[in-house]
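Report on the structure
Here is what each chain is made of, one letter per residue.
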Amino acid sequence: MACEKTYESCNYFGDISGAYKLNEIEQEPIDSISKIKLKLEDIQEAHNRIKNYTTVTPIIEAKYVGNHFCNVLLKCENLQITGSFKARGTFNVVTCMTTAEKGKGCTVAGGRNFLNAMTYSGLKESVPVNVVVPKDCSLADRQKYKENYAVVKVFGNDSNESSLHALTYCDEIGSHFIRCSDRLDLLAGYGTLGLEILSQVDKLDAIICPVGTGGLIASILVAVKSLKPQCLIYGVESSAAPTMSRALQEKKPTIILVKPTIAESIADKIASNNAFHIIKRYLTKMITVDDLWISRAMVNLLEREKIIVEAAAATPIAAIMAGKVPELRGKNVVCVLTGGNIKLSRLPHIVDRGLMAEGRLVGFSITLPDGPAEIARLLTKVVDTGADVRSFEPERSWIKRDALNVTEETMMEPERPHILTFNEIKQAAERIEDGIIHTPLCEAKISKYMDYNIYLKCDNLQYTGSCSERGIRNAFVALNDEMSERGVIVPSNGNMALGAAYQGHLLNIPVTAILPERCPPSLSQRCAELGAHVVLVGETVEDAVSYANKTNRDGSQIILTSDDPLVMAGLGTVGVEIITQLPETDAVIVPVASGGLLAATLVACKKLKCTCLVYGAECAKVPKMMKALQSGYPVSLPVIPNIAQGLSSAVVGENAFATIRGRLDRMLVVDEAYIARAVINVLERERLVADGAGVCALAAVMQGLVPELRGKRAVCVISGGNIDSGRLSRTIHRGLGVSGRLMRFAVPVPDHCKGLEILAEAIADKRAVIKSFGTEQIWVHSDIGSTWANVVVETANEENALALKEHLRNLYPTIKFAVFEVDEKHKMR
């Protein structure tokens, strides 16, 4: 918690003996800090230079942020003299300038916080400052720079063009150009913030800091890690501009495409080089947060803490609210509020967005009879709920309903998502008892080759090849009379449509199946053969849902999705059967599409055996459930074509997510390569046909994502087997390639009668089979006496593949392999 030191106590930085001597800290500082360009001594000298120019900003204990989670302390740099921490760096730059340099003045370009601080620093030190801004720079900002007696020049359409022009302009007028980032004197000034935090907080466990190009957090790292090495330091950036995250991933600063974000002051295209080399060594963790969480954090600070900050400064609070730092529970955490220079015209929009994210601001439409008291009656009902009406607009002219109705737009609390109960699943089990197959639970043969006791719940053996039939059957039986009269629309990737077509045929319910245009022709044909009316539209299941809603505006038919409570309840019978068939089950792993199967299985398994672990598994190319759990709400993702096509929903269902949230034990994200291997394993060893989505749970085990389940009984749900022959063929080849059992290579062979024969014999010696063979003599760059052979061979296993590669490399040193490397990453766990 914050200590009782006065601000004057911070003046010890010129002589560190009064506070944090290196031999008095908790442990020795990291030795490699001496290898970086920025040193602790530079930061201490910067403090002595700027202490009379900048404000020692207070640290206050948050009243509500982190309540019951951790002790949050707010370092209020929004109270700095120019409204942001940038003044620390700019004053250090200006005070370091020689008399001659000050006389020539300086030219700057960059973000509004930097320009505001630079012009103010120039005013205080009598240094002429020329500012180059783009055309979209607001008049208010230009006026602020002019009030600091800066010369403002407008050039370019964006900050990049204005920055490039500033370089040329400073040469023309003979001034000194000052970059807005990565200068060591700037970083040294920023580092005084870290020293200040150490002087103000006695028991410091962690610091969370916003990250743009990385200058501030890099300087804090040097200052704090030199004096308190055990302190954890986290960086936070907008998910729309993950500049530092990408740099750490690529192991070098890389230009990224920045998307629009409210945290515009940290939305930079590339990380600073000096800052990156500090950060990559010592940063504890990089975190990204989206605009909705940032908006909620700003609302929280505004309402609860009475502090106004710009969006970038609220990112540390957003990280805590979003649950991104669970390891900091019970710790003393300093959140750096980097600035408060927010455009007031933007603040209401951000606040509204934050309120909407919290469900406190909601819009809805309602149709009313056009009578004298109807609107008053509606407003009375809204007010009686305790809600305030923010906007109200009647519309009579442009509606397509009858002339006696009126549509109103107003604000009130939304309908809550449905949380599935075990009682609903129990009722579903009774309804569908005679209408579905009670599929077997069998021990997987792959268990012999691994340290797991794996069992397969084979719902690919349902009549239509997937577990979706359970949910469809329950909904059709529960609403049989209504559905028979009105008919049902089922938007689907395929499995639900097929189940609906079959069950509709049995129960005399008219079914319209809305499928993406790219669905396998065999699947749409099967739906038609079972009596469904098939419509192909769009590329994804979301397009199918949108089309269903548009064509059914009058509500004449019932739209049934996988997030429907009745469908989810029917899917939950999978969990009931698992615990009934294997009471000793320790864990169940479930594939995740929109989340209905996972949610229902979780409810059933936890009710029947509370110690049973329930995991979800999804393809890494569309990790919508993982993103939803990280964000705290369903997040829409672009659907990328992948092997697990049956799991390719862009967003998880609201009802499924509400049921899962806070109860799921783990979420697993599986590489596509392991899904391909799992398909092959099920084919070869289990003698079962399953699609990529159906084997996702088994793929998670094969990838080694659940080491805690070694020696335990784990049930993998095989959710479906509706894979068309073409996709199955491609999946098999992909899996064989990943495992090294299918290898492709190009090799130079001597152009004589024995050349190809020797190559074939070398392949045969290692018991490999040639699957494809071609030669090329014209379009090659090797010597005239060689022929390039392009060969595809099949091997027995990974060991055989490695042996063949070694053998061929010894014979042909210049051989080129075009296969997945068979290394530790791809070996069976």
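Going by the annotation in an unreviewed UniProt entry, the name recorded for the chain is L-serine deaminase, with Danaus chrysippus given as the source organism. What UniProt records for the chain under Cofactor (unreviewed entry) is the sentence "pyridoxal 5'-phosphate".

With respect to the overall build of the chain
Each helix and strand in the chain was counted, giving 30 helices and 27 strands. A burial count over the chain gives 54% of its 829 residues as buried. Intrachain contacts of the chain at a sequence separation of at least 6 include 73% that bridge at least 24 residues. With the model as given, the accessible surface of the chain reaches about 36,800 Å², and the carbon-plus-sulfur share is 51%.

Describing the confidence of the model for the chain
Here the chain averages 81 in pLDDT, and 83% of its residues register 70 or above. Put simply, strand 13 (residues 405–411) is where the chain has its lowest mean pLDDT, 39, and strand 7 (residues 206–210) is where it has its highest, 96. Scored below 50 in pLDDT, residues 1–35 makes 74 contacts in the model with residues more than four places away or belonging to other chains. Overall, residues 396–414 carries pLDDT values under 50, and its contacts beyond four positions in sequence, including any with other chains, amount to 66 contacts.

As for a nonpolar patch on the surface
A cluster of nonpolar residues, Leu756, Ile770 and Phe773, forms a patch on the protein surface that exposes about 220 Å² of accessible area. Relative to the helices and strands, Phe773 is located in strand 25 (residues 769–776).

Considering the packing of aromatic side chains
Scanning the entire structure with this criterion turns up six aromatic pairs. Taken together, a centroid distance of 4.9 Å and an interplanar angle of 70° make the contact between Phe85 and Tyr190 edge-to-face. In this pair, Phe85 is assigned in the loop between strand 2 (71–76) and helix 2 (86–96) and Tyr190 in helix 7 (residues 184–200), connecting sequence segments 105 residues apart. A relative accessible area of 4% means that Tyr190 is categorised as buried. Site record: aromatic cluster; members linked through ring pairs are Tyr53, Phe91 and Tyr120. For Arg666, the ring lying beneath its charged end belongs to Tyr615, and the centroid distance is 5.7 Å. The ring of Phe817 has Lys805 lying over it, and the distance from NZ or CZ to the ring centre is 5.1 Å.

What to know about the environment of Lys606
Within the secondary structure, Lys606 is located in helix 23 (residues 596–608). Expressed as a C-alpha distance, the spacing of Lys606 and Ile579, which sit 27 residues apart in the sequence, is 9.8 Å.

Considering the sheet that holds strand 19 (residues 558–559)
Picture the strands of a sheet paired through backbone hydrogen bonds; they go either parallel or antiparallel. Read across the sheet, four strands follow the order 18-17-16-19 without closing on themselves; strand pairing throughout is parallel. The open sheet has two edge strands with one neighbour each: strand 18 (533–536) and strand 19. Relative to strand 18, strand 17 (residues 511–515) runs parallel, the two sharing four bridges. Following the sheet pairing, Ile514 is matched in strand 18 by Val535. Contacting strand 17 and strand 18, helix 19 (residues 521–529) crosses the sheet at an angle of about 150° to strand 18.

Some remarks on the state of the cysteines
For the structure shown, the criterion picks out zero disulfides. With no disulfide of its own, Cys458 lies closest to Cys442 among cysteine sulfurs, the gap being 3.7 Å. Judged by relative accessible area, which is 1%, Cys458 ranks as buried. Take Cys610: it sits in no disulfide, and the sulfur closest to it among the cysteines is that of Cys612, at 9.7 Å.

What to know about the packing of helix 4 (residues 112–124) against helix 5 (residues 139–147)
In the contact formed by helix 4 and helix 5, the axes pass within 8 Å of each other and the chain directions differ by 20°. The angle between helix 4 and helix 5 places the two elements in the roughly parallel class. In the crossing of helix 4 with helix 5, the sense of the turn from one axis to the other is left-handed. In contact with Arg112, Leu115, Asn116 and Thr119 of helix 4, helix 5 contributes Asp141, Lys144 and Tyr145. Residue classes in the contact of helix 4 with helix 5 are distributed as two nonpolar, two polar and three charged.

Quick notes on the packing of helix 29 (residues 755–765) against helix 30 (residues 798–811)
Running from N to C, helix 29 and helix 30 point in directions that differ by 150°, and their axes come no closer than 9 Å. By the angle between their directions, the pair helix 29 and helix 30 is classed as roughly antiparallel. The two elements helix 29 and helix 30 cross, and the hand of that crossing is right-handed. Every residue of helix 30 that contacts helix 29 at Leu759, Ala762, Ile763 and Asp765 is listed here: Leu804, His807, Leu808 and Leu811. Residues that form the contact of helix 29 with helix 30 fall into these classes: six nonpolar, one polar and one charged.

Comments concerning the nonpolar core
With 62 residues, the main nonpolar core has Phe476, Met483, Leu560, Val588 and Leu598 as its most contacted residues. The element contributing the most residues to this core is helix 23, with eight residues. Apart from residues lying up to four places away in sequence, Phe476 is in contact with Met483, Val488, Ala500, Gln503, Gly504, Leu507, Ile509, Val511 and Leu560. With 59 residues, the next largest nonpolar core counts Val131, Cys137, Cys231 and Tyr282 among its residues.

Let's talk about the sheet that holds strand 10 (residues 332–337)
What the six strands build is an open sheet, ordered 1-2-10-7-8-9; its pairing is mixed. Where the open sheet ends on each side, the last strands, each with one partner, are strand 1 (59–61) and strand 9 (285–289). Across the sheet, the axes of successive neighbouring strands diverge by a mean angle of 25°, strand direction being ignored. Relative to strand 2, strand 1 runs antiparallel, the two sharing three bridges. Considered in strand 2, the bridge of Ile60 is made with Leu74. Here helix 7 sits on the sheet and contacts strand 1, strand 2, strand 7 and strand 10; the angle it forms with strand 2, its principal contact strand, is near 135°. Packing of helix 8 (residues 215–227) onto the sheet brings it into contact with strand 7, strand 8 (232–238) and strand 10, and relative to strand 8 it is tilted by some 175°.

Calculation rules
Residues numbered from 1 in each chain as written. Predicted model: local features only at pLDDT ≥ 70, side-chain atom pairs only at ≥ 80, totals over all residues. Heavy atoms only, no water. UniProt positions renumbered as here; feature names shortened; annotations may be inferred. Helix = DSSP H or I, 4+ residues; strand = E, 2+ residues; numbered from the N terminus. Buried < 20%, exposed > 50% of the residue type's maximum accessible area, 1.4 Å probe, protein only. Contact = heavy atoms within 4.5 Å. Areas by Shrake-Rupley, 256 points an atom, 1.4 Å probe, with all protein chains shown as cover. pLDDT = per-residue confidence, 0-100. Patch = residues over 30% accessible without salt bridge, like charges linked within 9 Å, V, L, I, M, F, W, Y side chains within 5 Å. Salt bridge = Lys/Arg side-chain N within 4 Å of Asp/Glu carboxyl O. Phe/Tyr/Trp six-rings, centres within 6.5 Å; stacked < 30°, edge-to-face > 60°. Lys NZ or Arg CZ within 6 Å of the ring centre and 35° of its normal. Pairing = 2+ DSSP bridges. Axes fitted to C-alpha atoms, helices over the stretch in contact; angles between N-to-C directions. Disulfide = S-S within 2.5 Å. Parallel < 35°, antiparallel > 145°, perpendicular 65-115°, else oblique. Left-handed = near helix turned anticlockwise from the far one by under 90°. Nonpolar A, V, L, I, M, F, W, Y, C, P; charged D, E, K, R; others polar. Core = buried A, V, L, I, M, F, W, Y, C linked by side-chain atoms within 4.5 Å.

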